[in-house]
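Architecture and fold: a report
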Protein chains: 2
Amino acid sequence: MRTISHPDRSALRLDAVLAALSDPVRRSIVSRLAERADGHSCQTFELPVAKSTATHHFRVLRESGVIRQEYHGTSIMNSLRAGDLDDRFPGLLSAVLAAQRAESAADRRCDGAAERATPPSADPA
Amino acid sequence: MRTISHPDRSALRLDAVLAALSDPVRRSIVSRLAERADGHSCQTFELPVAKSTATHHFRVLRESGVIRQEYHGTSIMNSLRAGDLDDRFPGLLSAVLAAQRAESAADRRCDGAAERATPPSADPA
DNA sequence: ACCGTACTACGACGATCATCGTATGATGAG
DNA sequence: CTCATCATACGATGATCGTCGTAGTACGGT
């Protein structure tokens, strides 16, 4: 059985957590992990990067203590360490998740508005 | 009169804000700015980096929308854009600030405990 | 035993970042 | 006007990061 090492709850570093959450790909992973609490294999995330890059991002998230990874056969169950994070940094994770949702929504509105506002022949390039 | 450009409140990007806050030097600036609401010149921060590096950090904070900078004679008044940030990303700034305080406190406790636990002749080197 | 699947390890690459020293611009004081 | 002060601009440098492809490991199914 393969086991993976995780930082202890008390070893979580704000530096590492913020750095982990500052990447959009990783934030997208975290967002999707927050939507449904049960674990997900790395496969179920359709990320816009190569497989090895995805592995890298999952590792950064795990080593910073944001997610937990456990083997289930050949695949890995990923889950958010929401409790541990909220214990050490209360409100931080939920604030980031909320901000992420807010920004996505705003961007979608903005894109739509921009499209509607674009003159018929306009090509910004 | 020199003026400095700031991103509009609606132009704040979560990516940029989190990246700005993921650096310890910048987080230390933000923390001290949050303690006392009135503006401070860059000088009053005794940062462990060279002057040009400090300028760089202030710029990152300004361009990401975390702080506001305004000239007052030759010096610059720095202030936190707490309102704008809280409008776009509610609770994010305060969560980061609280986390920063919590971690600093925990680290101080930890260091003290480590020192007390160090054997009399121990020299880690 | 064999093969396919799920993920990792490793090395490489270009990009970005934090850092610095020095030179420069702007402002207020003498 | 001249000078000191505050901050910036401009390279330069070493470190880290995100990305990738390829090769490898572990596990389950046939």
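Counting restarts for each chain: residues are numbered from 1 in the order of the written sequence. For this description, chains carry letters from A and ligands carry numbers from 1, given in the order in which they are written. Residues qualify for local features only when their pLDDT is at least 70, as the model is predicted, and side-chain atom pairs are given and counted only at 80 or more; totals for whole chains, interfaces and linings, by contrast, use all residues.

Before going further, it helps to examine the overall build of chain A. Elements are defined by DSSP. Helices are runs of H or I of four residues or more, strands are runs of E of two residues or more, and each kind is numbered from the N terminus. For chain A, the helix and strand inventory stands at five helices and two strands. Order of helices (α) and strands (β) in chain A, N terminus to C terminus: α-α-α-β-β-α-α. Counting every position in chain A, which comprises 125 residues, the buried fraction comes to 27%. Expressed as a percentage of contacts within chain A between residues at least 6 apart in sequence, the contacts between residues at least 24 apart total 64%. Residue burial is a threshold on neighbouring C-beta atoms within 10 Å of the residue's own C-beta, all placed from the backbone, with 20 or more meaning buried, 12 or fewer meaning exposed, and counts in between meaning partly exposed. Contact criterion: two residues are in contact if their C-beta atoms, reconstructed from the backbone, are within 7 Å.

Note on definitions: a residue is near a molecule or strand provided its C-beta atom, placed from the backbone, lies within 6 Å of it. Around DNA strand D, the surrounding shell holds 23 residues, and the nearest of these are Val49(A), Ser52(A), Gly73(A), Ser41(B) and Thr55(B). Every element with two or more residues in the surface near DNA strand D is listed here: helix 3 (51-63) of chain A together with helix 3 (51-63) and strand 2 (75-80) of chain B. For this classification, Asp, Glu, Lys and Arg are treated as charged, while Ala, Val, Leu, Ile, Met, Phe, Trp, Tyr, Cys and Pro are nonpolar and the rest, including Gly, are polar. Looking at the surface near DNA strand D, its residues break down into nine nonpolar, 11 polar and three charged.

This part takes up the protein's contact with DNA strand C. In the vicinity of DNA strand C there are 23 residues, among which Ser41(A), Thr55(A), Val49(B), Ser52(B) and Gly73(B) approach most closely. Sorting the residues of the surface near DNA strand C by element identifies helix 3 and strand 2 (75-80) of chain A together with helix 3 of chain B as the ones contributing at least two each. In terms of residues, the surface near DNA strand C owes the most to one element, helix 3 of chain B, which gives five residues. Here the surface near DNA strand C is built from residues that sort into eight nonpolar, 12 polar and three charged.

Let us look at the environment of Leu18(A). Examined against the element boundaries, Leu18(A) turns out to sit in helix 1 (residues 14-21). For Leu18(A) and Ala95(A), which are 77 residues apart along the polypeptide, the C-alpha to C-alpha distance reads 12 Å. Sequence-distant contacts of Leu18(A), that is, excluding residues within four places in its chain, are made with Leu18(B), Leu21(B) and Ser22(B).

This next bit is on the nonpolar core. Structurally, a nonpolar core is described as a collection of buried Ala, Val, Leu, Ile, Met, Phe, Trp, Tyr and Cys residues joined by way of C-beta atoms within 7 Å. Val17(A), Leu92(A), Val17(B) and Leu92(B) are the most contacted members of the largest nonpolar core, which has 42 residues in total. When contributions to this core are tallied by element, the ones reaching two or more residues are helix 1, helix 2 (24-35), helix 3 and helix 5 (92-117) of chain A together with helix 1 (14-21), helix 2 (24-35), helix 3 and helix 5 (92-117) of chain B. Discounting chain neighbours no more than four positions away, the residues touching Leu92(A) are Leu85(A), Ala95(B), Val96(B) and Ala99(B).

Before going further, it helps to spend a moment on helix 2 of chain A. All names here are of chain A. Here helix 2 spans 16 Å end to end across 12 residues, near enough to the 16 Å set by a 1.5 Å rise per residue. Residues of helix 2 that are buried include every one of Arg26, Arg27, Ile29, Val30 and Leu33, and no others. Looking straight down helix 2, one finds its buried side chains confined to an arc of 155 degrees; they lie on one side. Helix span is expected to be 1.5 Å times the residue number reduced by one. Note that the arc is defined by the directions from the helix axis to the C-beta atoms.

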